[in-house]
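Topology and contacts: notes
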Amino acid sequence: MRDDIRLTAGVAAALWAGAAVLAVHERRVALRADLEPPAEPGPLVSVIVPARDEERGIGAAVRSLRALDYDRVEVIVVDDQSDDGTLAAAREAADGDPRVTVIPGAPLPGGWVGKPWACWQGVARARGEWLLFTDADVVHAPDSLGRTLAMARRLGRGGLTLLPTIDCGGAVERAVMPAALTAIATFVSPGPLARSARSRVAIAAGGYILMARALYDRVGGHAAIRGRMVDDVCLAAAVKRAGALLVPVPAGRLARLRMYHGGREVWEGWSKNASFAAAGGATKGLVSAGTVAALAVLPLAAAVGGVRSRDPGLAAVGLGGVAALMTLQRLANWAVPTPARYAPTLPVGMLVLSGAAARGALERMRGIGPRWRGRRYPLAR
């Protein structure tokens with residue numbers, strides 16, 4: 001029995017150690033968009049900003065887009081039937097700038113999820129040869145578009161996705177957001193597979209997707225993924241099936257956001273997202289959530305159990321896994337900056353994330369689907 005426990009704990013420790021090695025590798029090979037020479041004035045870029053109940057952050061986002069130093073740009077903000085002051089805040093931030101159009105979105109049609117519908121409406125008004133989809137809480141550096149457009153055109157894959165730097169406030173965000181990044185990079189979309197043309201694995205961050213309009217039209221745009229809850233990843237997968245790639249690039253200083261504010265939003269947001277991360281439906285999502293939770297607690301349980309039972313082998317295996325988890329938490333710091341004292345919190349974050357995923361999976365199994373921004377999506381996939 002003890003040998004079985006040691007073996008199981010060893011598997012978990014080895015997995016987390018491998019994830020740490022992968023994370024180190026990814027940092028070494030990551031592209032640096034902030035060092036890319038900015039593009040000279042070239043093609044018109046249409047920036048599409050879908051927004052629902054984003055009064056809190058949309059002003060800063062629109063003002064940062066107005067401050068872009070790439071001249072040939074138009075900004076289209078689509079207010080997706082917000083219940084707060086999003087529309088007014090966006091118009092105030094636009095301040096009459098002729099490059100910015102703020103429109104109230106049409107009612108949500110059946111079969112659509114809100115964000116794809118808002119993006120689709122924005123594209124209908126877009127004139128640019130390139131499209132940038134960005135969220136209403138992302139703040140852009142002035143040189144961000146010039147550099148990302150130059151990189152996308154140089155790489156020649158059809159587009160790129162910046163992975164915005166995530167700012168956190170409070171213990172829950174600082175524990176869960178690095179865990180979410182680690183889970184995605186380890187289990188959902190490891191970097192080498194996401195970049196490989198031979199793999200079906202794809203990743204994109206909805207906060208910043210830059211792609212050629214011709215490619216967008218070729219893959220059917222958001223109409224082809226109208227019922228998808230995790231629309232960014234589904235769009236990336238469609239692009240990859242078409243033989244192109246949204247190249248994932250860390251944003252660094254070029255784009256930042258605070259994804260969720262406080263524990264309630266963290267719970268609701270990851271209940272919406274995480275249950276759709278595993279392909280194969282709600283049941284597989286529930287199993288995946290339980291597996292991740294078990295893997296997260298096994299190293300600490302083995303370390304404590306080994307000390308209490310005076311089993312140095314078990315304790316060593318457990319401590320090795322704990323060290324790997326702490327290393328992973330600090331390696332996530334490039335994308336989710338947190339104080340060093342949060343290094344031991346990754347297992348807690350994984351448990352919260354797994355709980356949110358399980359809750360979302362159960363809601364899907366009950367047929368009520370996820371809830372977000374005041375809407376319920378029972379048919380979302």
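Refer to the preceding data block for the structure.
Judged by pairing direction, the sheet is mixed, and its 7 strands sit side by side in the order β3-β2-β1-β4-β8-β6-β9 without closing on themselves. The open sheet has two edge strands, β3 (100–104) and β9 (245–250), and neither has a second partner. Ignoring which end each strand starts from, the neighbouring axes of this sheet average 20 degrees apart. Relative to strand β8 (residues 208–212), strand β4 (residues 130–134) runs antiparallel, the two sharing 5 bridges. Within β8, the position partnered with Thr-134 by the bridge is Tyr-208.

Quick look at the sheet that holds strand β10 (residues 255–257) now. With mixed pairing, the 3 strands of this open sheet are ordered in space as β5-β10-β7. Each of the sheet's edge strands pairs with one partner strand only, and the pair in question is β5 (138–140) and β7 (165–166). One ladder, built from 3 bridges, connects β5 with β10; its direction is antiparallel. Residue His-140 lies in a different strand from β10, and its bridge partner there is Ala-255.

Applying the stated rule across the entire model yields 1 cavity of 30 Å³ or more. Quantified by volume, the largest cavity comes out at close to 30 Å³. In terms of lining, the largest cavity is formed by Lys-115, Cys-119, Phe-133, Gly-206, Ile-209, His-222, Asp-231 and Asp-232. Listing elements by their share of the lining of the largest cavity, those giving two or more residues are α4 (114–125) and α9 (231–241). For the lining of the largest cavity, the residue count by class is 3 nonpolar, 2 polar and 3 charged.

Before going further, it helps to spend a moment on the environment of Arg-256. Examined against the element boundaries, Arg-256 turns out to sit in strand β10. The class of Arg-256 is partly exposed, set by a relative accessible area of 31%. Arg-256 sits 119 residues away from Asp-137 along the chain, and the two C-alpha atoms are 8.4 Å apart. Those residues in contact with Arg-256 that sit more than four places away from it in its chain are Asp-137, Val-138, Val-139, Thr-165, Asp-167 and Pro-337. Among the polar contacts listed, one links the side chain of Arg-256 to the side chain of Asp-167, at a separation of 2.5 Å.

Formed by 101 residues in total, the largest nonpolar core has its most connected members in Val-45, Phe-133, Leu-145, Leu-162, Leu-210, Met-211 and Trp-270. When residues no more than four places from it in sequence are discounted, the contact partners of Leu-210 are Val-45, Trp-130, Leu-131, Leu-132, Leu-145, Thr-148, Leu-149, Ala-152, Gly-158, Gly-159, Leu-160 and Leu-246. Grouped together as the second largest cluster of nonpolar side chains are 6 residues, Val-113, Met-229, Phe-276 and Ala-380 included.

Running from N to C, helix α2 (residues 58–66) and helix α3 (residues 86–94) point in directions that differ by 30 degrees, and their axes come no closer than 8 Å. As far as their axial angle goes, α3 and α2 are roughly parallel. Once α2 is placed against α3, the crossing between them reads as right-handed. Facing Ile-58, Gly-59, Val-62, Arg-63 and Arg-66 of α2, the residues of α3 in contact are Thr-86, Ala-89, Ala-90, Ala-93 and Ala-94. In terms of residue class, the contact of α2 with α3 is made up of 6 nonpolar, 2 polar and 2 charged.

With that settled, the discussion passes to unusual backbone geometry. One non-glycine residue, Gln-81, lies in positive phi territory at about 55 degrees. Positive phi is not limited to glycine here, since Arg-310 has a value of about 55 degrees. If you trace the backbone, Arg-310 turns up in the loop between α11 (282–308) and α12 (312–331). A relative accessible area of 77% places Arg-310 in the exposed class.

Procedures and definitions
- Residues numbered from 1 in each chain as written.
- Predicted model: local features only at pLDDT ≥ 70, side-chain atom pairs only at ≥ 80, totals over all residues.
- Heavy atoms only, no water.
- Pairing = 2+ DSSP bridges.
- Helix = DSSP H or I, 4+ residues; strand = E, 2+ residues; numbered from the N terminus.
- Axes fitted to C-alpha atoms, helices over the stretch in contact; angles between N-to-C directions.
- 1 Å grid on protein atoms, 1.4 Å probe; cavity = no way out; pocket = protein on both sides within 12 Å on 5 of 7 lines; lining within 4 Å.
- Points joined across faces, edges and corners; volume = space filled by probe spheres on them.
- Nonpolar A, V, L, I, M, F, W, Y, C, P; charged D, E, K, R; others polar.
- Buried < 20%, exposed > 50% of the residue type's maximum accessible area, 1.4 Å probe, protein only.
- Contact = heavy atoms within 4.5 Å.
- Polar contact = N/O pair within 3.5 Å; in protein donor to acceptor, adjacent residues only side chain to side chain.
- Core = buried A, V, L, I, M, F, W, Y, C linked by side-chain atoms within 4.5 Å.
- Parallel < 35°, antiparallel > 145°, perpendicular 65-115°, else oblique.
- Left-handed = near helix turned anticlockwise from the far one by under 90°.

These values are about where atoms sit, not about what they do.
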